[in-house]
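Summary of the model geometry
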Amino acid sequence: MLFLSVLCFHGMLFGQEPSLVEAEVIAVKKGPRPVFDLQIDKVRNGKMDSLFVRAEVIEGREDLALGMIKHMAQKWLLTIVPKLSGDGYLIRSVYGLSSLEPGKIVDPISTPLIGKFDNRTSGSPYARSLSPGEEEQEIVELTNIERWNNGMLPPYKQVTELHNAADGHSIRMAQLDFFAHCDLYSNKSAGQRMTDAGYSWNAAAENIAGNYVDVEAAMIDWMASSGHRTNILSTTYREIGAGYDPDSDNDDTFKDNGSCDPGENIMDIDRYYTQNFGRRGSVYPVVIDREIAQTSNRNINLYVYGPGSATSMRFSNDGTSWSAWINYLPDHTWILTTGDGMKTVYSEVSTGSNGSGTVYGASDMIELINSCDPMTFSNTTLSGTQTHTACEIIADPNVTISGDIIFEAPKVTLDNNVDVPLGATLEIRNQ
């Protein structure tokens, strides 16, 4: 038997999809039927290596050929399902796929693109990139994937205090054999537990689940339940903590009888999952790449929370050397420092121009692994016979090919302003 429970409180509010991949456009080939080469650089179900997909634009969608742009600072997100027949997949929707009119988002596209792949994904409904064995991290990542899939909502920021509250509750439920939002032995509510963990909330919520075989199964049922789904997709909260404990004592489990006392015996629960959501009034987080644990790309996407009066913002990789103040926008791109390891990005958001108002600081961390310093060409002409080899090659912007040029790299990104006139050739080779 499976168990779910939701609790919501504001100040109190407790409370088979297609496989997903992330991709970037690397080339646009002009012709009677435009073809996109997409580099799939984050396959997040853990069962498929990076690969290429060639997506041919069907009749009536030729206007998309030159209009591939990112949606703000978010990565490409495609929804893919197997074709009913034949060897390939249908691309059902593409966030960020636009017409020639900048910012015009086509989602879902009226007629699917057709993509052929090197291999197929599993039947997993989620796309993710996880640290092995970290159920708590998986809860956070899948939560933010659901937020993206349901209206491209801002990501929740994982914070230590909510993690401690959620994980502590999962552990106590497992060790003391109960399933309830109220701790049946300390008589503490979810709000009290969060406060005890040092989280000064003015809105908070909690989801719990038990006996699901894994996080993915729990998330599917949470999303199928209106109360749990509301917490996961809420715009009230900004932060999240997650907890998991497998329980191994096989004792009977008790459920709250409605007054924070052990009531009904509901059999043993083997695995306990907890989500704690919260908002602190004066805390405006910054979130790296929708809170994934690791990345191999130094070019990251930030989501920057700010008050309604936010006017300017700036960033730093060390908390000392800052970028210039720029106009506030929630989505922003940033470049991490070179070298693998844990990286921290600091943000400051101000209610005045150039930082002249009240300033709110935040930071987030991500692990950089197997990173690459790309070879970049911009505002230049490449002539003669040349072969350029690197871990990544970027031609952006205003690059003209006037000779016979070879780009050899696992990933090659071409801007729309890359010009290959008659008599010149540009060959892209994947290592």
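So, here is what we can say about the structure in this document.

Cut-offs applied
- Residues numbered from 1 in each chain as written.
- Predicted model: local features only at pLDDT ≥ 70, side-chain atom pairs only at ≥ 80, totals over all residues.
- Heavy atoms only, no water.
- Pairing = 2+ DSSP bridges.
- Helix = DSSP H or I, 4+ residues; strand = E, 2+ residues; numbered from the N terminus.
- Buried < 20%, exposed > 50% of the residue type's maximum accessible area, 1.4 Å probe, protein only.
- Polar contact = N/O pair within 3.5 Å; in protein donor to acceptor, adjacent residues only side chain to side chain.
- Contact = heavy atoms within 4.5 Å.
- Phe/Tyr/Trp six-rings, centres within 6.5 Å; stacked < 30°, edge-to-face > 60°.
- Expected span 1.5 Å × (residues − 1).
- Core = buried A, V, L, I, M, F, W, Y, C linked by side-chain atoms within 4.5 Å.

Quick look at the sheet that holds strand β31 (residues 418-419) now. In a beta sheet, neighbouring strands are held together by backbone hydrogen bonds and run either parallel or antiparallel to one another. The parallel open sheet is built from 3 strands, whose spatial order is β25-β28-β31. Each edge of the sheet is formed by a strand with only one pairing partner; in this case those strands are β25 (380-382) and β31. Relative to β31, strand β28 (residues 399-401) runs parallel, the two sharing 2 bridges. For V399, the partnering residue across the bridge sits in β31 and is V418.

Residue position: N276 is located in strand β15 (residues 272-279). Overall, N276 belongs to the buried group, its relative accessible area being 0%. Polar side-chain contacts of N276 include one of 2.8 Å to the side chain of E206. Excluding residues that lie within four positions of it along the chain, N276 makes contacts with L162, A165, A166, R193, M194, A205, E206, E239, I240 and G241.

So, about the packing of aromatic side chains. Taken as a whole, this structure holds 8 aromatic pairs when the rule is applied. Taking the centre distance of 5.6 Å and the plane angle of 10° together, the rings of F377 and F407 count as stacked. Here F377, found in strand β24 (residues 375-377), pairs with F407, found in strand β29 (residues 404-408); they are 30 residues apart in sequence, far enough to count as distant. When its relative accessible area of 0% is taken as the criterion, F407 is described as buried.

Further remarks concern the pairing of strand β14 (residues 262-265). Along any regular strand the residues' side chains alternate between the sheet's two faces. Here strand β13 (residues 254-256) runs beside β14; their pairing, made up of 2 bridges, is antiparallel. Counted as the bridge partner of F254 is N265 from β14. In sequence, β13 turns back onto β14 through a hairpin of 5 residues, with G258 there showing a positive phi of about 105°.

Looking now at helix α2 (residues 160-176). When the terminal C-alpha atoms of α2 are compared, their 23 Å separation across 17 residues agrees well with the 24 Å that a helix rising 1.5 Å per residue should span. Along α2, the residues classified as buried are L162, A165, A166, D167, H169, S170, M173 and A174. Residues of α2 that are buried sit in contact with α1 (135-149), β10 (178-179), α3 (190-196), β11 (203-210), β12 (239-245) and β15. One or two residues past the end of α2 sits D177, with phi positive at roughly 60°.

To continue, consider the nonpolar core. Among the nonpolar cores identified, the biggest contains 23 residues, and A209, M219, W222, I232, Y237, Y273 and F277 are the most heavily contacted of them. Every element with two or more residues in this core is listed here: α1, β11, α4 (215-224), β12 and β15. By size, the runner-up hydrophobic cluster in this structure holds 17 residues, among which are V286, I288, I300 and V345.

For strand β18 (residues 299-304), the tally of buried residues reaches 5 of 6 residues, placing the bulk of the element in the interior. The sheet contact formed by strand β16 (residues 286-288) and β18 spans 3 bridges and is antiparallel. When the bridges of β18 are listed, V287 appears paired with Y303.

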